[in-house]
There are 2 protein chains.
Amino acid sequence: MQKTFFIGIDIGATRIKTGLVTHDGTLVSKDNFETSRLTSPGHFLEISKRTIDLLMKTNDIERKSIGGIGVGAPGWTSYSDGVVHELTNIPGWHDIPLATLLRDETGFPAFVDNDANVMATGELIHGAGRGYRHFICLTLGTGVGGSIVTEGNIWRGVHGLAGEIGHMSVDLNGPHCACGARGCLERYVGNRFIVENALAKLKERSPSGGENTITKLSDGNPKNVTPELLSEAAALGDDIAIRVWEETGHYLGVALAVLVNVLNPECFIIGGGVAKAGEFLFGPIRRTMEALAMNRLGEKTKLLKARLEADAGIIGAATFARNCAEISYRPS
Amino acid sequence: MQKTFFIGIDIGATRIKTGLVTHDGTLVSKDNFETSRLTSPGHFLEISKRTIDLLMKTNDIERKSIGGIGVGAPGWTSYSDGVVHELTNIPGWHDIPLATLLRDETGFPAFVDNDANVMATGELIHGAGRGYRHFICLTLGTGVGGSIVTEGNIWRGVHGLAGEIGHMSVDLNGPHCACGARGCLERYVGNRFIVENALAKLKERSPSGGENTITKLSDGNPKNVTPELLSEAAALGDDIAIRVWEETGHYLGVALAVLVNVLNPECFIIGGGVAKAGEFLFGPIRRTMEALAMNRLGEKTKLLKARLEADAGIIGAATFARNCAEISYRPS
């Protein structure tokens, strides 16, 4: 039987978001919890149970209408057995059989994958990836998440660890990255490094701290400078912000050209906070990718903006649950 | 009916090799022709027909025992319709429907793919790739050929152009590559650049041209320095040759670590002339890959030497024909 609703849980660095999503990918209702307040995996189960009960009650939904729970977790997860091996930035999770625990706690079928993969699943089924079978999703934020879709399925790799596009080195002599390599893409286009680039350019322009659009928008406090603020400044014509997005786009374009040469996908789908910079970012990405990819393939490879936006994690996780549940229920 | 023999044709930069190969990948007999003497695609058909007739006659093989012809071509080919769009370093081939022409000329089913893909097919079925489903083949020579195998099939990409591992940039500010990008892997580990590196190191050591193992082996003539000679020099303990292989291995290791992070394959299979340097090359590749890949995956990803060696192109092309012919003949 086709179920009507699926639960999506998006474990993020700042918030854990839980939502009730229809079979066709519409988010009906959602709730969230501060990640920093999470004390343990057991606590996560308790909160999830309570939130799901609340969402069902508020929306007057019966248990039998729920097809399953999907979780997108930021870290190393085993999709096949639903185990979370490690979470990035959330301590205390080691080899937790989350799918099993969540199923036991709630009584619903539960499935776990990493956050980049569930977002790609959401875009594939309900978002910018509809109609494409071979594409690569990038989620730009604190880190750079990646997921590779081929023949309409996520390419997970042998140990489930494929897709680390943020850790493609674009300069073997570049700055050291936390992963141990040098010149990783994330080291140039992760939120923190975008902001550092802007602050360095501001300082270079006026070492004593003169006024410009960025300083005005940030009330002169460097701590207020974020990628969102830099998007705003670029839209107001600020040349430093525009240059920062150009450089960020150039680094992304270099990595995308390599991916075009190696994997020859139909398109790239780019989401996450940084993607809000729009053409200030997408223009330079496209120019560099077209200039560097072989066989003029850069011109044939589409560059799309992710469509599910802020709720991409919840909708993706619910869609992932839908896919898993429907495959499991398929008569064999 | 399962056929006993397949013809493999390997179009190389210096020689076109044609061989008669058994169903289980044994090369029975072969012949070759200098690529530089080739005047046109029509000439190629004529020579191929004559060579195949000769191989059949010499080995007393009947037409009905031949299952098909496979061609590995260095360039842009369309696997699905057997068209050769462009050949690298061989002028005059533009959009040639080679599979159709070869079938018309010989009466045998014919199939065309690029050289890196047929070599990967050979290694997959008869070589180092047996028992692996997800791996990446690299063929080191004038250029760096690449082919990606997933679920036991070649990943061709949307336009059939995937696998250009030689054109992964490892340094976005590196030296210009003929493809238009900068710092491509091939620009460091292609034959010519390995030799240039050795010659530069020799000059640095003794600007006036002193004696060492490399100069002795090459009779003091820089034109005689080849990767093969550098392998020999390394085996004799020459420190410059050893350093050249270390640096070559380091560049390869950087690219392989990126591929581990992005695709998480089971193993890499490395073949081609340069692979003859053995541990002088493989040791540094492995060390760099292990140091740079995430999640300690470098230690879990095997580094294998291609097994089909000098005849890899012929055996691969014949094996590719076998696969295609048997799929075509499969009752539907």
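Residues numbered from 1 in each chain as written. Chains lettered and ligands numbered in written order. Predicted model: local features only at pLDDT ≥ 70, side-chain atom pairs only at ≥ 80, totals over all residues. Heavy atoms only, no water.

> Sorry, what's going on with the sheet that holds strand E9 (residues 144-150) of chain A here?
What holds strands together in a sheet is hydrogen bonding between their backbones, with the strands either parallel or antiparallel. Residues and elements named next belong to chain A. Strand order in the open sheet formed by five strands is E10-E9-E8-E11-E12, with mixed pairing between adjacent strands. The open sheet has two edge strands with one neighbour each: strand E10 (153-155) and strand E12 (302-305). Across the sheet, the axes of successive neighbouring strands diverge by a mean angle of 30 degrees, strand direction being ignored. In the packing of helix H3 (residues 115-126) onto the sheet, the strands contacted are strand E8 (135-140), E9, E10 and strand E11 (267-271), and the crossing angle to E9 comes to about 50 degrees. Relative to the sheet, helix H9 (residues 279-292) contacts E8, E11 and E12, its axis offset from that of E12 by approximately 160 degrees. (Pairing = 2+ DSSP bridges. Helix = DSSP H or I, 4+ residues; strand = E, 2+ residues; numbered from the N terminus. Axes fitted to C-alpha atoms, helices over the stretch in contact; angles between N-to-C directions. Contact = heavy atoms within 4.5 Å.)

> Help me out: how do you make sense of unusual backbone geometry in this one?
Most of the time, phi is negative for any residue but glycine, and the peptide bond is trans. Residue and element names in this part refer to chain A. The backbone phi angle of Asp95 is positive, close to 50 degrees, even though this residue is not glycine. Inspection of the secondary structure puts Asp95 in the loop between strand E6 (83-87) and helix H2 (98-106). Residue Asp95 is classed as exposed on the basis of its relative accessible area of 51%. (Buried < 20%, exposed > 50% of the residue type's maximum accessible area, 1.4 Å probe, protein only.)

> Help me understand the interface of chain B and chain A in this model?
Accessible area lost upon the coming together of the parts serves often as the stated size of an interface. Chain B puts 41 residues into the contact, and the matching count from chain A is 41 residues. Summing both partners gives a buried area of about 3500 Å² for chain B against chain A, and 67% of it is carried by carbon and sulfur. When the buried area of chain B at its contact with chain A is split by residue, Trp155(B), Leu172(B) and Val262(B) rank highest and sum to 18% of it. Linking chain B to chain A there are zero salt bridges. Where chain B touches chain A, the interface holds 20 residue pairs in polar contact (both at pLDDT 80 or more). Mapped by element, the contributors of at least two residues to the side of chain B that touches chain A are strand E9 (144-150), helix H8 (239-263), helix H9 (279-292) and helix H10 (297-300) of chain B. Ranked by residue count, the leading element in the side of chain B that touches chain A is H8(B), at eight residues. For the side of chain B that touches chain A, the per-class residue count stands at 22 nonpolar, 14 polar and five charged. (Buried area = accessible area lost by both parts, 1.4 Å probe. Salt bridge = Lys/Arg side-chain N within 4 Å of Asp/Glu carboxyl O. Polar contact = N/O pair within 3.5 Å; in protein donor to acceptor, adjacent residues only side chain to side chain. Nonpolar A, V, L, I, M, F, W, Y, C, P; charged D, E, K, R; others polar.)

> For this particular structure, what's the right way to read the sheet that holds strand E4 (residues 66-73) of chain B?
All names here are of chain B. Taken together, five strands build an open sheet; the order of strands is E3-E2-E1-E4-E7 and the sheet is mixed. Here the strands that pair on one side only, and so sit at the sheet edges, are strand E3 (27-34) and strand E7 (110-114). Taking the axes of each pair of neighbouring strands and ignoring which way they run, one obtains an average angle of 15 degrees across the sheet. Lying over the sheet, helix H1 (residues 41-58) contacts strand E1 (5-11), strand E2 (15-22), E3 and E4, oriented at roughly 150 degrees with respect to E3. This element, helix H3 (residues 115-126), spans E4 and E7 of the sheet and lies at about 105 degrees to E7.

> Could you clarify how one ought to interpret the environment of Ser147(B) in this entry?
Residues and elements named next belong to chain B. Inspection of the secondary structure assignment puts Ser147 in strand E9. On the accessibility criterion, Ser147 (0% relative accessible area) is buried. In sequence terms Ser147 and Lys305 are 158 residues apart; their C-alpha atoms lie 15 Å from each other. At 2.8 Å, the side chain of Ser147 and the side chain of Asn117 are in polar contact.

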